[in-house]
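Secondary and tertiary structure notes
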Amino acid sequence: MAREMSASEQKAWMHFLEGDPMFRDFVARQTRAGDEAHQRIASQPMCPKCERPGFHDVYGMACNNCGYRGAPAMTTRQYLKEGWWK
């Protein structure tokens, strides 16, 4: 069952996608391939430095936004579910 996002959830999603054309392109390509964008973003690691989704990497994660490479703080799903974005 689908539900609408609250204003604060929409703000969190926009924060994730703004200013990072590589991540926006990644999400767009996955969506065109039939992947659910919210599910794809939710499975990505969360950067502990700038609090944006990054990419899985041999070091744990790589963040295109701030350049961090290392252990992720958590998954984006955990970040949203636990309310860290509020």
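No experiment lies behind these values; they were computed from the predicted model shown.

About the criteria used
Residues numbered from 1 in each chain as written. Predicted model: local features only at pLDDT ≥ 70, side-chain atom pairs only at ≥ 80, totals over all residues. Heavy atoms only, no water. Salt bridge = Lys/Arg side-chain N within 4 Å of Asp/Glu carboxyl O. Helix = DSSP H or I, 4+ residues; strand = E, 2+ residues; numbered from the N terminus. Buried < 20%, exposed > 50% of the residue type's maximum accessible area, 1.4 Å probe, protein only. pLDDT = per-residue confidence, 0-100. Contact = heavy atoms within 4.5 Å. Pairing = 2+ DSSP bridges.

Turning our eyes to something else, we now look at the pattern of salt bridges. Counted according to the given criterion, the structure contains two salt bridges. Two residues, Asp25 and Arg29, come together in a salt bridge whose shortest N-O distance is 3.0 Å. Of the two residues, Asp25 and Arg29 both sit in helix α2 (residues 21-32), four residues apart, roughly one turn of that helix. Across the salt bridge formed by Arg69 and Asp57, the nearest N and O atoms sit 2.9 Å from each other. Of this pair, Arg69 sits in strand β4 (residues 69-70) while Asp57 sits in strand β2 (residues 55-57), and the two are twelve residues apart along the sequence. With a relative accessible area of 25%, Asp57 lands in the partly exposed category.

Okay, the confidence of the model for the protein chain next. Looking at the protein chain as a whole, its pLDDT mean stands at 81, while 92% of the residues score no less than 70. Looking over the protein chain, one finds the lowest element-wise mean pLDDT in helix α1 (residues 7-17), namely 73, and the highest in β4, namely 96.

Moving on, we come to the environment of Cys50. Tracing the backbone shows Cys50 in the loop between β1 (45-46) and β2. Sequence-wise, Cys50 and Gly67 are 17 residues apart; in three dimensions their C-alpha atoms are separated by 9.5 Å. In this structure, Cys50 is in contact with His15, Cys63, Asn65 and Cys66, ignoring residues within four places of it in sequence.

A word on the side chain of Arg52. For Arg52, the position within the fold is in the loop between β1 and β2. Excluding its chain neighbours within four sequence positions, the residues that come into contact with Arg52 are His15, Phe16, Glu18, Pro45, Met46, Cys47 and Asn65.

On to unusual backbone geometry. Within the chain, Glu51 stands out as a residue other than glycine whose phi angle is a positive 55 degrees. Of note, Glu51 is situated in the loop between β1 and β2.

All right, on to the sheet that holds strand β3 (residues 60-62) then. Taken in spatial order, the three strands of this open sheet run β2-β3-β4, and their pairing is antiparallel. This sheet does not close on itself; its edge strands, each paired only once, are β2 and β4. Bridge analysis of β3 against β4 gives two bridges, and the strand direction is antiparallel. By the bridge assignment, Met61 is partnered in β4 with Gly70.

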